[in-house]
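Listed here are the chains, written in short residue letters.
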Amino acid sequence: MSHAPSPDVSAPQGASPAARSIVALSGGVGGARFLRGTLSALRAGALPGVSPDAAVTVVANTADDWWIHGLKVCPDLDTVMYTLGGGIDVERGWGRSGETWAASEELAAYGVGPDWFGLGDRDLATHLVRTQMVEAGYPLSAVTAALCRRWEPGVELLPMTDDRVETHIAIADDEAPSGRRTVHFQEYWVRMRAQVPAEAVVVVGLDRATPAPGVTEAVAGADLVLLPPSNPVVSIGTILGVPGLREALQEGPAPVVGVSPIIGDSHVHGMARQLLDSLGVEVSASAVARHYGSRASGGILDGWLVADTDAHQVDAVRDAGIACAAVPLLMSDEEATGRMAAAATALVLA
Ligand code: FO1
């Protein structure tokens, strides 16, 4: 006996059913800040086409990870976990609130560096727990789930891969026979403040990495995929570089909408300009959209938000086969960020 399909009670008759599962790719500070505003707007029912009880999975970049003092530090996973779990130092955008630096001061007193990477006492506990679990054989995804049992970020937080992947930056060095040397991304960013040109970005281990458990399944089951204004080279770029992930997005059912990390001719914070330069990609909102590519042209984008001050670039993005709108993109507070997220979902869902 055939059963008439039950009416979709969640969406008003005639409207397309509201999105109930969202996947967001994320780097560190910018991505986490965007997610915080997105989640508060989502729960307030302020995201067009998105159900207020939608489930959110965050796939975080792990190529910034590095081993220091024998501890595994995962900056992007921790920044998302602390930001959404309420433990972040809002001013800095990374690390723990109410932080103290006694252990760092003691290390400096022993002359044990690097003295330029701030490891707070509270943050150290996270790295100690993670390192113990990793050295006991737990995969990074299981470690992250365990840490999130304390922080309850309100999303499922997944590393992009459980495999070890590290971003290294090649810089000029006229003492080196090759004229170049590589530094770990953290040194390039934290110690050098990206003040020297990046001659190449080398993501060690990326080509052999596999998506972490749950990542491709989340993409396959998603109703919407969000690309926050994270770094298109060393955050979103590295996540898309995990073999199988780009294909999962291209073949997946969910529209993919992103937010430009570039306003005018530079990033809002971080070092996207230097890294786009190293790839020879023009530093503009429309060039980054073309860099990700439209789904129709074998890329991943269905929609792209540019800043209101870049409204003159909307046509160029649309000509590339990507829906586009120009809206204010400064994440000055949670409400402003929530409005950005609403503009993004309206672009591809409404
Ligand atoms: N960023 C800094 O600018 N200075 C630091 O001393 C620093 C320490 C740090 C420690 C733990 C952690 O999880 C992140 C930390 N960050 C620091 C941020 C980090 O370098 C960047 O947020 C990401 O790697 C890029 O998204």
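From a predicted model like this one, the values you see are computed outputs, not experimental measurements.

A. Spatial organisation of the nonpolar core. In this structure, L25, Y188, L227, Y292, L301 and W304 are the most contacted members of the largest nonpolar core, which totals 55 residues. Among the elements that take part in this core, helix α11 (residues 285-292) stands out by supplying five residues, more than any other. When residues of this core are assigned to domains, at least three fall in each of domain 1 (19-62 + 207-349) and domain 3 (166-204). Discounting residues that sit within four places of it in the chain, L25 has contacts with V59, L226, L227, P228, I236, I239, L240 and L249. Judged by nonpolar contacts, the second largest core, of 47 residues, contains M340, A341, A342 and V348.

B. Summary view of the packing of aromatic side chains. Applying the stated criterion across every chain, the model contains five aromatic pairs. Considering the side-chain rings of W66 and W116, the 5.6 Å spacing of their centres and the 25° angle between planes classify their relative orientation as stacked. Separated by 50 residues along the polypeptide, W66 in strand β3 (residues 66-68) and W116 in the loop between α3 (102-109) and α4 (121-135) bring together distant segments of the chain. According to the relative accessible area criterion, W66 is buried, its value standing at 10%. When the ring of Y82 is compared with that of W151, the centres are 5.4 Å apart and the planes differ by 70°; the resulting orientation is edge-to-face. Residue Y82 is located in helix α2 (residues 75-85), and its partner W151 is located in helix α5 (residues 140-151); the two are separated by 69 residues in the primary sequence. By relative accessible area, Y82 is classed as buried at 1%. Judged by its relative accessible area of 11%, W151 is buried. Here the aromatic cluster, defined as three or more aromatic residues joined through ring pairs, consists of W66, W116 and F117. Above the face of the W94 ring, R92 is positioned so that its terminal group lies 4.7 Å from the ring centre. Across from the ring centre of W189, 4.3 Å away, lies the NZ or CZ of R193, which sits over that ring.

C. Expanded view of unusual backbone geometry. Residue P114 is reached from G113 by a cis peptide bond, and omega for that bond is 0°. When you line up the elements, P114 lands in the loop between α3 and α4. With a phi angle near 55°, H69 is a residue other than glycine that sits in the positive phi range. A positive phi is found at E152, a non-glycine position, where the angle reads about 45°. With respect to the helices and strands, the residue E152 is situated in the loop between α5 and β5 (156-159).

D. Region of interest: the site of the ligand. Inspection of the region around the ligand gives 15 residues, with D64, D76, G118, Q186 and R193 positioned closest. Between a nitrogen atom of the ligand and a side-chain N or O atom of W94, the distance comes to 3.4 Å. In this structure, Q186 approaches the ligand through a side-chain N or O atom, which is 2.6 Å from an oxygen atom. For the ligand, the cavity whose grid points lie within 2 Å of the majority of its atoms is the largest pocket. Breaking the shell around the ligand down by element, the ones donating at least two residues are α2 and α6 (185-191). Of all the elements, α6 adds the most residues to the shell around the ligand, at four residues. There are two domains that each give the shell around the ligand at least three residues, and those are domain 2 (66-159) and domain 3 (166-204).

E. Main features of the sheet that holds strand β10 (residues 256-259). Strand order in the open sheet formed by seven strands is β5-β2-β1-β9-β10-β13-β14, with parallel pairing between adjacent strands. With one partner strand each, in any of the chains shown, β5 and β14 (323-327) form the two edges of the open sheet. For this sheet, the mean angle separating the axes of adjacent strands, direction not counted, is 20°. Of the strand pairs in this sheet, strand β1 (residues 19-26) and strand β9 (residues 224-227) are connected by three bridges, and their pairing is parallel.

F. Examining the pattern of salt bridges more closely. Under the counting rule described, the total for this entry stands at eleven salt bridges. A salt bridge links R164 to E166; the nearest nitrogen and oxygen atoms lie 2.7 Å apart. Since its relative accessible area comes to 54%, R164 is described here as exposed. The buried category is assigned to E166, whose relative accessible area is 10%. Across the salt bridge formed by R208 and D207, the nearest N and O atoms sit 3.8 Å from each other. The class for R208 is exposed, based on a relative accessible area of 63%. The class of D207 is exposed, set by a relative accessible area of 61%.

G. Molecular detail of the sheet that holds strand β6 (residues 166-172). The three strands lie next to each other as β7-β6-β8, forming an open sheet whose pairing is antiparallel. The two strands at the open ends of the sheet, each matched to only one other strand, are β7 (180-184) and β8 (200-204). Strand-to-strand twist of the sheet, defined as the mean angle between neighbouring strand axes without regard to direction, takes the value 30°. Taken together, the five bridges between β6 and β8 define a ladder with antiparallel strand orientation. Bridge assignment links E166 to a residue of β8, and that residue is V204.

Conventions used here
- Residues numbered from 1 in each chain as written.
- Predicted model: local features only at pLDDT ≥ 70, side-chain atom pairs only at ≥ 80, totals over all residues.
- Heavy atoms only, no water.
- Core = buried A, V, L, I, M, F, W, Y, C linked by side-chain atoms within 4.5 Å.
- Buried < 20%, exposed > 50% of the residue type's maximum accessible area, 1.4 Å probe, protein only.
- Helix = DSSP H or I, 4+ residues; strand = E, 2+ residues; numbered from the N terminus.
- Domains from an automatic or database assignment.
- Contact = heavy atoms within 4.5 Å.
- Phe/Tyr/Trp six-rings, centres within 6.5 Å; stacked < 30°, edge-to-face > 60°.
- Lys NZ or Arg CZ within 6 Å of the ring centre and 35° of its normal.
- Near = heavy atom within 4 Å.
- Polar contact = N/O pair within 3.5 Å; in protein donor to acceptor, adjacent residues only side chain to side chain.
- 1 Å grid on protein atoms, 1.4 Å probe; cavity = no way out; pocket = protein on both sides within 12 Å on 5 of 7 lines; lining within 4 Å.
- Sits in = over half its atoms within 2 Å of the grid points.
- Pairing = 2+ DSSP bridges.
- Axes fitted to C-alpha atoms, helices over the stretch in contact; angles between N-to-C directions.
- Salt bridge = Lys/Arg side-chain N within 4 Å of Asp/Glu carboxyl O.

So yeah, pure geometry; function would need other evidence.
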